[in-house]
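Survey of secondary and tertiary structure
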Amino acid sequence: MTGIETAGELLAHAYQMELEAEERYTYLAQQMELHNNADLAKLFRDLARVEGVHAGDILEQMKGMAVPEIALLDYKWSGNESPEALDMGDMHYLMTPRQALLLALKAEQNAFDFFNHLLRATSDNEVKRFAAEFAEEEQEHVELVQNELEKYPESDEPIRDDMDPPVSQG
Ligand code: ZN
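The following refers to the structure shown. Quantities reported herein were computed from a predicted structural model and do not represent experimental measurements.

When you go through the protein residue by residue, the secondary structure sums to 4 helices and 0 strands. The linear arrangement of helices and strands in the protein, starting from the amino end, is α-α-α-α. In the protein, buried positions account for 43% of the 170 residues. Put simply, 80% of the contacts in the protein that link residues at least 6 apart link residues at least 24 apart.

Okay, structure coming up:
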């Protein structure tokens, strides 16, 4: 189903996912700096660092393994971007903290789903072991972002209703 059959293939995918996640979190941190939201900027910087460290770990694990060279378009996920990549189309200049967190949550959930699906679909023990490990890590990221989201309830969002035509104050 997933098209991933070897641990090497799995690691190659995981590596790409971590790199993209690091890039996106760096972007989100910058967005929160523009908002002068030091707390969230720090959270996203921390997450970017965590994803970067994971990428490094994965690179270590790949040493001595048969890791396929995968062209960007041949990764086994739909679209050009990995499940953990944020949808750049969803990103606006000056997104609110809640929007930033929702994007992060979506990316982490996609990443979890990717590994969890693989965990269920594979019959290879090594793939299973890595998939379980990565799924657990992503689950932790999901929970971390969810906890943070509770601090930014929907009602705190500035009300923007750009769809309505301006009303003349006559
Ligand atoms: Zn993650």
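Resuming the write-up.
Moving on, we come to helix H4 (residues 125–149). Spacing of three or four residues puts side chains on the same side of an α-helix, whose turn is 3.6 residues. Helix length check: H4, at 25 residues, gives a terminal C-alpha distance of 36 Å against a target of 36 Å (1.5 Å per residue), a fit within 8%. The inward-facing, buried residues of H4 contact helix H1 (7–34), helix H2 (38–62) and helix H3 (97–121). For H4, the capping residue at the N-terminal end is Asp 124, with a side-chain oxygen 2.9 Å from the backbone nitrogen of Glu 126.

Contact geometry for H3 and H4: axes closest at 8 Å, N-to-C directions at 160 degrees. In terms of orientation, H3 and H4 fall into the roughly antiparallel class. Note on packing geometry: the crossing formed by H3 with H4 is left-handed. The class makeup of the residues in the contact of H3 with H4 is 17 nonpolar, 5 polar and 5 charged.

Conventions and cut-offs
Residues numbered from 1 in each chain as written. Predicted model: local features only at pLDDT ≥ 70, side-chain atom pairs only at ≥ 80, totals over all residues. Heavy atoms only, no water. Helix = DSSP H or I, 4+ residues; strand = E, 2+ residues; numbered from the N terminus. Buried < 20%, exposed > 50% of the residue type's maximum accessible area, 1.4 Å probe, protein only. Contact = heavy atoms within 4.5 Å. Expected span 1.5 Å × (residues − 1). Polar contact = N/O pair within 3.5 Å; in protein donor to acceptor, adjacent residues only side chain to side chain. Axes fitted to C-alpha atoms, helices over the stretch in contact; angles between N-to-C directions. Parallel < 35°, antiparallel > 145°, perpendicular 65-115°, else oblique. Left-handed = near helix turned anticlockwise from the far one by under 90°. Nonpolar A, V, L, I, M, F, W, Y, C, P; charged D, E, K, R; others polar.

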